[in-house]
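One-letter residues, chain by chain:
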Amino acid sequence: MKNDIIDIFYNSIIPEASNGSIDCFMYYHICFNSLIEGKLIEGSSPSYIDVPLLEIRNKNEFNDLLVDYVQLALDFYDDHYFFDEVLSGEYRTNKNKLCKEKVLMTLLWSNATIEDFQEPCRFLRRQKAYLENNFLTEEKNIGFSKVLGGEIFTNVSKTRKLSWESPYAFHSSIVNESEVHDLPTIRFGVEDNVVFIYCIHQEKNNRKSKKINRNLYKVNENFNSLEGEGKLKDVTPSFLVALTLFILHFQNLGYTNFKIVQYLPERWIDKKIVIHKKDIKSGHKASTYNENMETLIRVQENLVQKFCTTLLRLQYHYGNSVIIKSFPFEIDSYLSFTSNDLSCSNNVLFQELSTLCTSRKSINL
């Protein structure tokens, strides 16, 4: 098993990644060059993208960690996460080495930050920790929210898609007598004493309640846009509530340190390649290409800003209980913050959430 994993990585993934895509029955736009103990491996990657450099300084240590990760991932992700063609082995050749191990090692790098390419052994230890730490929970009834007009439920499940950023997803919803309102899903992983947040995402098929949605806007009560910054008013209430429930969930488990992952270069590269391919199909219309690139940049900037604004807004309501340690690219690419004892808030909804969650500190994992 070990030799097979190492063979796939060095003789298939690395050369394919250096040329801009990896064959896993479907092609993934994973693109990086490699520096392995001083030896540079480059290919013919697209000239219009900034290609990350995977720096492997200690090959033996890296290999051991990579094998450990793949073996953990094979146990964590069952067969339904993979295409039937991958499972069948029908399309595996000596060249493409198509198998579950290759898919896992390919998608692994789509979740690497800039620092992770520079320190891949540290990255692999973190990814191993994500899989080793079991945070699955059954659906829990936190209690009845008078402000929102319904029971609050939370649970942690495995992520539904292998291509998503992290192995676990935190779900929360509000249920009244006849309706269910799903809050945004938060995808995360945990290493040591740090909770890494990769995404706060509104699912396409989320259930909605107009009444509960109106009640969510009570997050704006007691918010003074003059005292706070005006931009802090333009936050999505459901994101605020979901993130608060998430933080309180982990606060009950003893976690106070959080890092929000803002930028994953391979996912950015994938979007740029897609835009470039659309440009070719459109006959190289400069206006179309520029518009699509401007949209991509604007969306990325808005995502970063939305995370920052949401966190600053929580800080407004919880005061020094939420402390922002660093913004993206001040120290590293993370938005880092700590949360301590969210027991007191200047907003009735947040105060109620804190009271409900702290009264249920016993969480069975």
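Residues numbered from 1 in each chain as written. Predicted model: local features only at pLDDT ≥ 70, side-chain atom pairs only at ≥ 80, totals over all residues. Heavy atoms only, no water.

1. Here's the deal with helix H6 (residues 120-132)
Turning to step 1, where the next piece is worked out: Between the first and last C-alpha of H6 there are 18 Å, a value that for 13 residues agrees with the 18 Å anticipated at 1.5 Å per step.
Turning to step 2, where the next piece is worked out: Listed as buried for H6 are Pro120, Cys121, Phe123, Leu124, Arg126, Gln127, Lys128, Ala129, Tyr130 and Leu131. (Helix = DSSP H or I, 4+ residues; strand = E, 2+ residues; numbered from the N terminus. Expected span 1.5 Å × (residues − 1). Buried < 20%, exposed > 50% of the residue type's maximum accessible area, 1.4 Å probe, protein only.)

2. Some remarks on the pattern of salt bridges
Turning to step 1, where the next piece is worked out: Within the structure shown, the criterion is met by 14 salt bridges.
Turning to step 2, where the next piece is worked out: One salt bridge connects lysine 100 with aspartate 79, and the closest N-O pair in it is separated by 2.9 Å. Separated by 21 residues along the polypeptide, lysine 100 in helix H4 (residues 100-108) and aspartate 79 in the loop between helix H2 (59-76) and helix H3 (84-88) bring together distant segments of the chain.
Turning to step 3, where the next piece is worked out: Note on aspartate 79: relative accessible area 40%, which makes it partly exposed.
Turning to step 4, where the next piece is worked out: A salt bridge links glutamate 165 to arginine 187; the shortest N-O distance between them is 2.9 Å. Pair noted here: glutamate 165 is in the loop between strand S7 (150-158) and strand S8 (168-175) and arginine 187 is in strand S10 (residues 185-191), with a separation of 22 residues, a long-range link. (Salt bridge = Lys/Arg side-chain N within 4 Å of Asp/Glu carboxyl O.)

3. Some thoughts on H2
Turning to step 1, where the next piece is worked out: A rise of 1.5 Å per residue sets the reference length of H2, with its 18 residues, at 26 Å; its end C-alpha atoms lie 25 Å apart and thus fit the reference within 8%.
Turning to step 2, where the next piece is worked out: By the burial criterion, the buried members of H2 are Phe62, Asn63, Leu65, Leu66, Val67, Tyr69, Val70, Ala73, Leu74 and Phe76.
Turning to step 3, where the next piece is worked out: Looking at the packing, one finds that the buried side of H2 touches helix H1 (2-17), strand S5 (53-56), H4, H6, S7 and S8. (Contact = heavy atoms within 4.5 Å.)

4. Regarding the packing of helix H8 (residues 237-252) against helix H11 (residues 348-358)
Turning to step 1, where the next piece is worked out: H11 packs onto H8 with a crossing angle of 30° between their chain directions and a minimal axis gap of 10 Å. Relative to H11, the element H8 is oriented roughly parallel. Note on packing geometry: the crossing formed by H8 with H11 is right-handed. Contact residues: Leu240, Val241, Thr244, Leu245, Leu248, Gln251 and Asn252 in H8; Leu349, Phe350, Leu353, Ser354, Cys357 and Thr358 in H11.
Turning to step 2, where the next piece is worked out: In the contact of H8 with H11, the residues fall into 8 nonpolar, 5 polar and no charged. (Axes fitted to C-alpha atoms, helices over the stretch in contact; angles between N-to-C directions. Parallel < 35°, antiparallel > 145°, perpendicular 65-115°, else oblique. Left-handed = near helix turned anticlockwise from the far one by under 90°. Nonpolar A, V, L, I, M, F, W, Y, C, P; charged D, E, K, R; others polar.)

5. Focus: the environment of isoleucine 36
Turning to step 1, where the next piece is worked out: Mapped onto the elements of the fold, isoleucine 36 is located in strand S3 (residues 33-36).
Turning to step 2, where the next piece is worked out: Residues isoleucine 36 and leucine 54 lie 18 residues apart in sequence; the distance between their C-alpha atoms is 8.0 Å.
Turning to step 3, where the next piece is worked out: Among residues more than four places away in sequence, those in contact with isoleucine 36 are Tyr10, Ile14, Ile41, Ile56 and Lys59.

6. Focus on the packing of aromatic side chains
Turning to step 1, where the next piece is worked out: Across all of its chains, the model carries 30 aromatic pairs by this definition.
Turning to step 2, where the next piece is worked out: For the pair phenylalanine 76 and tyrosine 77, a centre-to-centre distance of 4.8 Å together with 75° between the ring planes defines the contact as edge-to-face.
Turning to step 3, where the next piece is worked out: Since its relative accessible area comes to 7%, phenylalanine 76 is described here as buried.
Turning to step 4, where the next piece is worked out: An aromatic cluster of at least three residues, connected via ring pairs, comprises Phe76, Tyr77, Tyr81, Phe135, Tyr168, Phe170, Phe188, Phe246, Phe250, Tyr255, Phe258 and Phe337.
Turning to step 5, where the next piece is worked out: Looking at lysine 59, its charged tip hangs above the ring of tyrosine 10, at a distance of 4.5 Å from the centre.
Turning to step 6, where the next piece is worked out: Directly above the aromatic system of phenylalanine 76 lies the positively charged group of lysine 158, at a separation of 4.3 Å from the ring centroid. (Phe/Tyr/Trp six-rings, centres within 6.5 Å; stacked < 30°, edge-to-face > 60°. Lys NZ or Arg CZ within 6 Å of the ring centre and 35° of its normal.)

7. Comments concerning empty space enclosed by the protein
Turning to step 1, where the next piece is worked out: Within the structure shown, the criterion is met by 3 cavities of 30 Å³ or more.
Turning to step 2, where the next piece is worked out: If you add up the space inside the largest cavity, you get close to 130 Å³.
Turning to step 3, where the next piece is worked out: Tyr69, Tyr77, Asn111, Gln127 and Leu162 are the residues nearest the centre of the largest cavity, which is lined by 16 residues in total.
Turning to step 4, where the next piece is worked out: Mapped by element, the contributors of at least two residues to the lining of the largest cavity are H4 and H6.
Turning to step 5, where the next piece is worked out: Looking at the lining of the largest cavity residue by residue, the class counts come to 10 nonpolar, 4 polar and 2 charged. (1 Å grid on protein atoms, 1.4 Å probe; cavity = no way out; pocket = protein on both sides within 12 Å on 5 of 7 lines; lining within 4 Å. Points joined across faces, edges and corners; volume = space filled by probe spheres on them.)

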